[in-house]
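# Understanding the architecture of this molecule
Chain by chain, the residues:
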There are 4 protein chains.
Amino acid sequence: MIGIAVIGYGYWGPNLVRNFSLVDDARVVAVVDQRPEQRATVERLYPTVQTYADPADMLLNPDVDAVVIATPVSSHFELSMQALQAGKHVMVEKPMTSTVADGEKLVAEAAERGLTLMVDHTFIYTSAVRKIHELVGDGQLGELYYYDSVRVNLGLFQHDVSVLWDLAVHDLSIMDFLLGQSPTSVAATGIAHVEGQPVNMAYLTCFFEGSTIAHFHVNWLAPVKVRQTLICGSERMVVFDDLEASEKVKVYDKGIVLGDPDQIGFEPRVGYRTGDMWAPRLDVTEALRVEAEHFVDCINTGSTPESDGAAGLRIVRILEAATTSLGLQGAPVEI
Amino acid sequence: MIGIAVIGYGYWGPNLVRNFSLVDDARVVAVVDQRPEQRATVERLYPTVQTYADPADMLLNPDVDAVVIATPVSSHFELSMQALQAGKHVMVEKPMTSTVADGEKLVAEAAERGLTLMVDHTFIYTSAVRKIHELVGDGQLGELYYYDSVRVNLGLFQHDVSVLWDLAVHDLSIMDFLLGQSPTSVAATGIAHVEGQPVNMAYLTCFFEGSTIAHFHVNWLAPVKVRQTLICGSERMVVFDDLEASEKVKVYDKGIVLGDPDQIGFEPRVGYRTGDMWAPRLDVTEALRVEAEHFVDCINTGSTPESDGAAGLRIVRILEAATTSLGLQGAPVEI
Amino acid sequence: MIGIAVIGYGYWGPNLVRNFSLVDDARVVAVVDQRPEQRATVERLYPTVQTYADPADMLLNPDVDAVVIATPVSSHFELSMQALQAGKHVMVEKPMTSTVADGEKLVAEAAERGLTLMVDHTFIYTSAVRKIHELVGDGQLGELYYYDSVRVNLGLFQHDVSVLWDLAVHDLSIMDFLLGQSPTSVAATGIAHVEGQPVNMAYLTCFFEGSTIAHFHVNWLAPVKVRQTLICGSERMVVFDDLEASEKVKVYDKGIVLGDPDQIGFEPRVGYRTGDMWAPRLDVTEALRVEAEHFVDCINTGSTPESDGAAGLRIVRILEAATTSLGLQGAPVEI
Amino acid sequence: MIGIAVIGYGYWGPNLVRNFSLVDDARVVAVVDQRPEQRATVERLYPTVQTYADPADMLLNPDVDAVVIATPVSSHFELSMQALQAGKHVMVEKPMTSTVADGEKLVAEAAERGLTLMVDHTFIYTSAVRKIHELVGDGQLGELYYYDSVRVNLGLFQHDVSVLWDLAVHDLSIMDFLLGQSPTSVAATGIAHVEGQPVNMAYLTCFFEGSTIAHFHVNWLAPVKVRQTLICGSERMVVFDDLEASEKVKVYDKGIVLGDPDQIGFEPRVGYRTGDMWAPRLDVTEALRVEAEHFVDCINTGSTPESDGAAGLRIVRILEAATTSLGLQGAPVEI
């Protein structure tokens, strides 16, 4: 039975507590939050859970085996490092850290101590993304041509991080999972419409070895909500629309057809073919539940989480390079 | 009565002939196409129209007052220049020319000879775009924050021009018309998935003075057709979806709200407000008909077309710079 | 402070308990459910609430001022009558009773005792329906021509009531609220696809005085979920789509235009006009919260609920007549 | 080479002339229209086609082998009968005639003379309907449960026929083709909102042997355009949305699951299952072209058209019974 402590009981924390409460091999033993009213809510809903104002006090609790961190990004590194140094396994919200340097330290610390370090890349545990992963793995899409996502709506402006660190992190974690390779360089553009506030809309291109490319549009200032991703391969193309109630994943049997390049005197012409569309049935399990069980299972078995520290670090590398490129009006930055 | 000659009777030419045939003050007197079967079609449908295989022969026809050019981009400059030098008014397909240098020569030639030079930026004559133009002009959107468009589908790969010159040209002409200002620099990324073929998907950012930004996603290799543009201002936001049958333009009374920056000790917080949505009724007149009448009217009155050579040149400047940036993996290029 | 007891803690009961808990002038003092596991859940979540297996025991509790009944339809009459006879105010799930005769008895009993009797017609407390009600009341739709609704999806077959009593009851309560008049006769068709089970799809027409008509399609066996209502008047038309995330109510400035009937020799021709579409902003308050406050307010002030027993009875009258017509393959039945 | 004459060059006639012009084994030799300006248009576009003001004159033309009739319904019988009596094959617009009696006479006349009589049920020649027909024929839908269609928009009020004869005729012809059986009785409701004008909105239920049912909503007075049909079977369900640009036909692997009725003491419970969705690729051939070729082929080979006089008569029978039921406020009428 793994004892879980959750740090941060704001927007996401309650979901974490609820889902870890449902995991067979785990129990939530502690919740940390500076705000008395948040602690009071926990005490009312979960009388058996111990609450703390200070994470340091919680770390002294011997019933805590693992710490789940759902605080603002700026505190991820310090809290994770303290937990690891106290011998606790760690699951931390995305993005894992604010800098690559901090991320590397966490990965090294966890490795040295033989502790599980996992990043909460929730989307890769959804049935939609796992179904696409399966299609990619089976080779059904063929050679991957591009990944294109749009994640925009009228949303709260964060005041400590740009929209890239707030929204693109979701899509980068999906891309990382599906493509299984990392970009070699990035180019990003964007703008802050409110003086003194972070960049509220951004466009990010990731370049890969070969002819794969990825692009992300993230925006806090859009009149309509869009959550659409295109994943295009040489054999099939996928549209992943997270706002669709039932058919979130659509697979199109479409593609280009090349003429015969050996016919001298004729350039290879590019035609296209269209076939059926297919929307696979998706499970309705809550992703966070699947993820919570995976974290506990990794602790118990010593296996590596699908969204381990290395994955978290890969995402932070991209975000850090993207931020640099953003300051250079899109000039490419190598990773 | 203005005598019109159309050069190129392929995909777009028939629309030009049909629409100019309906203009009161004009008549189509000549059609030029190298292909005998295309000339035969014209002869059957329009027995009174003279057909030519060679544009030079047509230019000798004294009944021709104006030439409308619907041929591949690479021939735009030469055909337009010949027509102007023969004393004919010119309406040429977009993009106006393949290079800025050629575009400048055309604009100069037309000015010197006092001839009308117009570029077929069809979209700016649609009722949807004109309605948005009216809203922008009335100040209903407030200060313009951004222009974002997506124009993707599974389409024919052109073999002489990249997707930017083929598709982005539409959106750049709309942006140019609506924003009324030109970008100071651009950054573009993209890729060619078929070796030896042009770039088939591209992302283009345009930077302006102040905090206005524009972005374009154009793509010949997408499983679904998308024609969506967001135009966001400080007061209202517009969604222009050209695939909607009836409500192509939706105006959202939404925006951000800033906290009081004078409250010392409190940073200006960014909230948002949501109000009604409104879809104005749009006329159903065919844009090309409106445009044809405008061209004839400009010839008759000597007034400047809304999509004159200068507008065509502004678009070519952006495309040329974008192509340079594309080769530099997104590095910004000044205009 | 009004003491509330909720009978039935199944699908809807938890929502009732949660919402009444949030009403200032009320507190939930008792919950009744035969199932021990349901009572245990209540005891865990709401330690101060008294639970009962038998409603009769609860009715002896002097802290209970009002009873909210969320049980299967067949028990509505008996439980409501017992509560009224025990001097408790009653809010009962829709449909109010299984028969008109039972409904009349409840209405009479409540009137005689001066108790509040309310039916949970939740939809009339939604911001969408209230906005349409406002438009109708302001005369913005003009003369009402028709009400047409479709409520279909793949849903659980009830085994005690037909799809009319399960689904059409929602739409009939909205229609009753919006039109403010009752049908004079009805005609219904439908079928049971599973032998021995209730009718699982049905079509119901309601005829009114004048030229207003209403129609309802309800269906448990449809591949897609549809929740769409058209409300058409002589001046404007409304589309109410409950599955839309934000623009649930769309108002179309469209209609027919009659030619001049006085022009002798010419029949009055019917043309049409189209204008703008407008989607008013809607509040996001939960309807059940509004309704709970309304019930408590009616108890405190003695005012008549918007969905009082008379409204509940009107709906049961339609359902009873519709069931008769259904057995006659659509033959009209007067009300 | 079959010589074709088209009577009526209004809305649909030009499509007929254009498509028959493209059929290899046919040529359009004559067009009949009372209006001089319509004849002038034909003469300009098709110089080799002979035009007539009077059908009787055209029938004397020995080059005419077959007559295609695209006039108002009220003239269908007389014109078709004259053509048959002149020894011409006939293709007539839907509905075939205004009465069953007239329809029977046409069918008998054609049979006696060994002439081809076909009704222009265009929809059954579309790739969408043919694909659904194939699925039904293969048994992929299982036992057919219901057919439900909605065909509404803001459209021109006809002044000689009700909306049933104008719009439902489309859906009835599709249903007739797909179900392969005829209803035993019908029930219809509806209303005329403009005094002295035909019924402008109607609801029609068709009852069949067994537990199949069909329903149609047709309406000239709706704010939005809907063209949606559900075809539901025990194994799969189809949504046919004619307004979808590409995925007009969607097949859902969904249905109900019955519990074991042999388990004594337990009633058969009805659950449901959901699986994948699949949208088959559809050909893009124009239906009218396919139909024109089929007509010519039937004439040449003597085979029976898929939409022969018998099919046309079945539809007229339903429409006639529906009109009777409409006058009885939905009372069922046997066929």
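Before reading further, recall that the structure is shown in the block above.
Cut-off values and rules
Sequence positions are assigned chain by chain, starting from 1 and proceeding in written order. In the order they appear in the text, chains get letters beginning with A and ligands get numbers beginning with 1. Only residues with pLDDT of at least 70 are given local features in this predicted model, and only at 80 or more are side-chain atom pairs given and counted; all residues enter the totals for whole chains, interfaces and linings. Each side-chain value is worked out from all heavy atoms of the structure, with water and hydrogens disregarded. The way it works is that DSSP assigns letters per residue, a run of H or I at least four long becomes a helix, a run of E at least two long becomes a strand, and they are numbered from the N terminus. To estimate how far a helix should reach, multiply one less than its number of residues by 1.5 Å. Exposure categories follow from relative accessible area, calculated using a 1.4 Å probe and restricted to protein chains: below 20% of the type maximum is buried, above 50% is exposed, and the middle band is partly exposed. When checking whether two residues touch, look at their non-hydrogen atoms; a contact exists if any pair is within 4.5 Å. In this analysis an axis means a line fitted to C-alpha atoms, helices contributing only their contacting stretch, and an angle means the value between N-to-C directions, from 0 to 180 degrees. If an angle is under 35 degrees, it is roughly parallel; if it is over 145, roughly antiparallel; if it lies from 65 to 115, roughly perpendicular; otherwise it is oblique. Basically, the charged four are Asp, Glu, Lys and Arg, the nonpolar ten are Ala, Val, Leu, Ile, Met, Phe, Trp, Tyr, Cys and Pro, and anything else, Gly included, counts as polar. Copy-to-copy superposition: least squares on the C-alpha atoms, limited to residues that have pLDDT of at least 70 in both copies. When two components associate, each loses some accessible surface as probed by a 1.4 Å sphere; the sum of these losses over both components is called the buried area. Here, a salt bridge means any Lys or Arg side-chain nitrogen found within 4 Å of an Asp or Glu carboxyl oxygen. Between N or O atoms, a polar contact is any pair within 3.5 Å; within protein, one atom must be a potential hydrogen donor and the other a potential acceptor, and residues adjacent in sequence are included only when both atoms are from side chains.

All names here are of chain A. Its 15 residues place the ends of helix α8 (residues 287-301) 21 Å apart at the C-alpha level, agreeing with the 21 Å of an ideal helix rising 1.5 Å per residue. If you check which residues of α8 are buried, you get A287, L288, E291, A292, H294, F295, V296, C298 and I299. Buried residues along α8 sit in contact with β1 (2-7), α1 (13-21), β2 (26-32), β4 (66-69), β5 (89-93) and β6 (117-120). Phi turns positive, to about 75°, at G302, one or two residues after α8.

A word on the packing of helix α5 (residues 100-113) of chain C against helix α9 (residues 309-327) of chain C. Residues and elements named next belong to chain C. Two elements in contact, α5 and α9, have axes separated by 9 Å at closest approach and are oriented at 170°. One finds that α5 runs roughly antiparallel with respect to α9. Of α9, the residues touching α5 (which contributes V100, G103, E104 and V107) are G309, A310, L313, V316, R317 and E320. Considering only residue class, the contact of α5 with α9 consists of 5 nonpolar, 2 polar and 3 charged.

Of the transformation placing chain C onto chain D, the axial shift is 0.0 Å and the rotation is 180°, giving an RMSD of 0.0 Å. These values place the two chain copies in the arrangement generated by a two-fold rotation axis. Of every C-alpha in chain C, the one belonging to A331 of chain C sits nearest the axis of rotation, 1.9 Å from it. A share of 100% of the interface residues of chain C reappears at the interface of chain D, consistent with the copies meeting face to face through the same patch.

Glancing now at the environment of L230 of chain A. All names here are of chain A. Of note, L230 is situated in strand β11 (residues 221-233). Residue class for L230 comes out buried when judged on its relative accessible area of 4%. Between the C-alpha atom of L230 and that of P55, which follows or precedes it by 175 residues, the distance is 41 Å.

Taken together, the contact between chain A and chain B spans 53 residues of the former and 53 residues of the latter. Roughly 4600 Å² is buried in total at the junction of chain A and chain B, and carbon and sulfur atoms are behind 70% of that figure. When the buried surface of chain A facing chain B is broken down by residue, L154, P223 and Q329 of chain A rank first, second and third, together holding 14% of it. Applying the counting rule to chain A against chain B returns 0 salt bridges. Taken together, the connections running from chain A to chain B amount to 15 residue pairs in polar contact (both at pLDDT 80 or more).

Attention shifts here to the interface of chain C and chain D. Listed per partner, the contact involves 53 residues of chain C and 53 residues of chain D. The largest per-residue losses of area from chain C upon contact with chain D belong to L154, P223 and Q329 of chain C, which jointly make up 14% of the total buried on that side. Our count for the contact surface shared by chain C and chain D stands at 0 salt bridges. Linking chain C with chain D are 15 residue pairs in polar contact (both at pLDDT 80 or more). Mapped onto the side of chain C that touches chain D, the elements with two or more residues apiece are β7 (144-154), β8 (185-191), β9 (201-207), β10 (213-219), β11 (221-233), β12 (237-241), β13 (249-258) and β14 (270-279) of chain C. Here the side of chain C that touches chain D gets 6 residues from one element, more than from any other, and that element is β11 of chain C. Of the residues assigned to the side of chain C that touches chain D, the class counts are 30 nonpolar, 18 polar and 5 charged.

Function cannot be inferred from these measures alone, as they are strictly geometric.
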